[in-house]
Every structure is written in C-alpha cells, then in structure tokens.
Amino acid sequence: MQTLGIDFSGANPLTILFSVFVGFLPGFAWLLFYLKEDIHPEPRRLIASTFVLGMASAAVALIAETVLNIGVLPVLGIARLSVISLIAISLIEELAKFGAAYISVNKSPYFDEPVDAMIYMVAAALGFATIENLGAITGVNTAQGAFISSIFHITSLRFVGATLLHSLASACIGYFWALDIRDFKLKKYIYIGLAVATGLHTIFNYLIIQYGNLMYILVFLSIAGFFVLSDFEKLRRKII
C-alpha cells in the first residue's frame, strides 16, 4: 500500500489538478479495457459507485495495515518485510477490494451475469489503485524542474505494475465469486479466490522488494494476465 499522506501544501492549483488528472489515468485506462470484455455493458452509475467504494476501501486497508505494522507485527516479533507480513498485507488489501465490490453490487438486479463478478471486482480494484497512484504521484517534489517527467515516469511504472496487479488479483476473486454464485453460494470458492489473489499480490510485492527488476514483474503479470483473460472468456461464454 502506497502511503496516503497526500500533501499539496505549497503547490499551485494547476499542479494539483495535473497531479490528480494523471493519477486517475491508469485506473481509467485499465477500466475501459476490461469493460470491453463485457458484451452486455453494466450501468455506468453502478460501475462508478463501485469504483468510488474501491477508493474508499484503500483508506480502510491503510488503517488495517497501520494497526498490523505498529501493533501486531512488533508484538509477534515479525519483520515488516518478511513473507508473513507480505501475505498479511496482501490479504488485507484483497479483502478490502472484495468488500467494496460486494457492498456495491451484491443485491443489485444488474448483477445478473457470471462475468459481472469480474467486471465489478476490477472496478473496485482500480478505484483502490487510483488512491495508491495519487499517493505516489503527490510524493514528487513539486519544486523540482523535472516535475512533469517524474509524474509521467511514476504513472507509467504503476500502469504496468501495481495498477495492473490490483486489477488482475481482483479479477481472480471475481472469477471464483462467479463460481460461488453458480453453485448456490458455496463459500469455498470465495476462499479459493482470496487465496489466489493474495498469492499473486504477495509474489508481486516480493519480486519488487527482492529484485526491483521491471522485466521480472512484466513477465509475471503477463502470465497472470493470460489466465485472467482466459477466465473472462469462460464467463462470457457461460461454460463454467
């Protein structure tokens, strides 16, 4: 989770508007991509509300992670960047995104096709990722001469990195959520989806911490993306 200590003090209005606009770009771009996978488009109002709840869920996750890092891990003697802590943080974020999507659409009459579960999970995930993007972008020193190039550099990295990761992990939850609904709310599928998403998220964070090599990350996300798009196709054809 990117620290959400967003601070625009000292920045002029144009800088603020530019930062916010660019911060939203990765989430909107990926959202448009995924929406094309739905042959029966969802109501824009419901997509928007799910996106906004996803943004709110980032604050919930931040609080939970703060409690984890300050109050739980030290007591248990667990290092903040250990595998156990990475798993815990990943699970917190995946639960937060799932909660946002569930609250937004679970009782909606428009939530009526298998692929919808993946669509709404992705919408919530991209709302969550957008808050992280804003946190990352507003950490750039507005006084430096290369401000604009720095903003685009960070945005580009997050477009093919964290933002994509959030959408892919949540799409996995959406796929298993669809299986859960098909099998009359057999809860084991939700648990499997959360486990898969948490695993993807943990591996992604581990690769960044251990290697910091964009190539490894791109290969990993490309493989995950292949399976996620395959899941989209399965749900679109209703063969699950």
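Residues numbered from 1 in each chain as written. Predicted model: local features only at pLDDT ≥ 70, side-chain atom pairs only at ≥ 80, totals over all residues. Heavy atoms only, no water.

A. Spatial organisation of the overall build of the protein. Of regular secondary structure, the protein possesses eight helices and zero strands. Ordering the α and β elements of the protein from the N terminus gives α-α-α-α-α-α-α-α. Within the span of the protein, comprising 240 residues, buried residues form 48% of the whole. When contacts within the protein are restricted to residue pairs at least 6 apart in sequence, those whose partners lie at least 24 apart make up 79%. (Helix = DSSP H or I, 4+ residues; strand = E, 2+ residues; numbered from the N terminus. Buried < 20%, exposed > 50% of the residue type's maximum accessible area, 1.4 Å probe, protein only. Contact = heavy atoms within 4.5 Å.)

B. Structural view of a nonpolar patch on the surface. A grouping of Ile-63, Val-67, Val-72, Val-75 and Leu-76 is seen on the molecular surface, where their side chains present a nonpolar patch of about 480 Å² in accessible area. Of note, Val-75 is situated in helix α2 (residues 44-76). (Patch = residues over 30% accessible without salt bridge, like charges linked within 9 Å, V, L, I, M, F, W, Y side chains within 5 Å. Areas by Shrake-Rupley, 256 points an atom, 1.4 Å probe, with all protein chains shown as cover. Salt bridge = Lys/Arg side-chain N within 4 Å of Asp/Glu carboxyl O.)

C. Inspection of the packing of helix α7 (residues 188-210) against helix α8 (residues 214-236) at higher detail. Interhelical geometry of α7 versus α8 gives an angle of 165 degrees and a closest axis separation of 10 Å. The orientation of α7 relative to α8 falls into the category roughly antiparallel. Crossing angle aside, the handedness with which α7 passes α8 is right-handed. Across the interface between the two elements, Leu-200, Ile-203, Phe-204, Leu-207 and Ile-208 of α7 pack against Tyr-216, Ile-217, Phe-220, Leu-221 and Ala-224 of α8. Looking at side-chain class alone, the contact of α7 with α8 contains ten nonpolar, no polar and no charged residues. (Axes fitted to C-alpha atoms, helices over the stretch in contact; angles between N-to-C directions. Parallel < 35°, antiparallel > 145°, perpendicular 65-115°, else oblique. Left-handed = near helix turned anticlockwise from the far one by under 90°. Nonpolar A, V, L, I, M, F, W, Y, C, P; charged D, E, K, R; others polar.)

D. Region of interest: the side chain of Glu-42. Relative to the elements of secondary structure, Glu-42 occurs in the loop between α1 (13-35) and α2. Arg-45 provides the closest opposite charge to the buried, salt-bridge-free Glu-42, at an N-O distance of 9.5 Å. Side-chain polar atoms of Glu-42 contact the side chain of Tyr-120, separated by 2.7 Å. Setting aside its immediate chain neighbours within four residues, Glu-42 contacts Ile-47, Tyr-110, Glu-113, Asp-116, Ile-119 and Tyr-120. (Lys, Arg positive; Asp, Glu negative; His and termini not counted. Polar contact = N/O pair within 3.5 Å; in protein donor to acceptor, adjacent residues only side chain to side chain.)

E. Seen up close, the environment of Ala-125. Relative to the helices and strands, Ala-125 is located in helix α4 (residues 114-137). The sequence separation of Ala-125 and Leu-53 amounts to 72 residues, and the corresponding C-alpha distance is 9.5 Å. Beyond its immediate chain neighbours, meaning those up to four positions away, Ala-125 contacts Lys-97, His-166, Ser-167 and Ser-170.

F. Seen up close, the packing of aromatic side chains. By the definition in use, this model includes eight aromatic pairs. Arranged with centres 5.8 Å apart and planes meeting at 50 degrees, the rings of Phe-98 and Tyr-102 form a pair that is tilted. Taken together, the residues span about one helical turn, with Phe-98 and Tyr-102 both in helix α3 (residues 83-105) at a distance of four residues. Taking 5.0 Å as the distance between ring centres and 45 degrees as the angle between the ring planes, the aromatic pair formed by Phe-111 and Trp-177 counts as tilted. Here Trp-177 lies in helix α6 (residues 162-182) and Phe-111 lies in the loop between α3 and α4, a separation of 66 residues in the sequence. This pair shows no difference in class: Phe-111 is buried, exactly as Trp-177 is. Put simply, the rings of Phe-98, Tyr-102, Phe-111, Tyr-120 and Trp-177 touch in pairs and so form one group of aromatic residues. For the cation-ring pair, Lys-97 lies above Phe-128, with the distance from its terminal atom to the ring centre recorded as 5.8 Å. Taking NZ or CZ as reference, Lys-188 lies 5.4 Å from the ring centre of Tyr-189, over its face. (Phe/Tyr/Trp six-rings, centres within 6.5 Å; stacked < 30°, edge-to-face > 60°. Lys NZ or Arg CZ within 6 Å of the ring centre and 35° of its normal.)

G. Layout of the nonpolar core. Formed by 60 residues in total, the largest nonpolar core has its most connected members in Trp-177, Leu-221 and Phe-232. Elements with a minimum of two residues in this core: α1, α2, α3, α4, α6, α7 and α8. (Core = buried A, V, L, I, M, F, W, Y, C linked by side-chain atoms within 4.5 Å.)

H. Geometry of the pattern of salt bridges. According to the stated counting rule, one finds one salt bridge in the structure shown. For the salt bridge of Glu-94 with Lys-97, the shortest nitrogen-to-oxygen distance reads 3.0 Å. Taken together, the residues span about one helical turn, with Glu-94 and Lys-97 both in helix α3 at a distance of three residues. Each member of the pair, Glu-94 as well as Lys-97, is classed as buried.

I. The environment of Ile-119, seen in detail. Note on placement: Ile-119 falls in helix α4. Residue Ile-119 is classed as buried on the basis of its relative accessible area, which comes to 2%. Along the sequence, Ile-119 and Asp-38 sit 81 residues apart, while their C-alpha atoms lie 7.5 Å from each other. Once you skip the residues sitting within four places of it in the chain, Ile-119 turns out to touch Tyr-34, Leu-35, Asp-38, Glu-42, Ile-47 and Phe-232.

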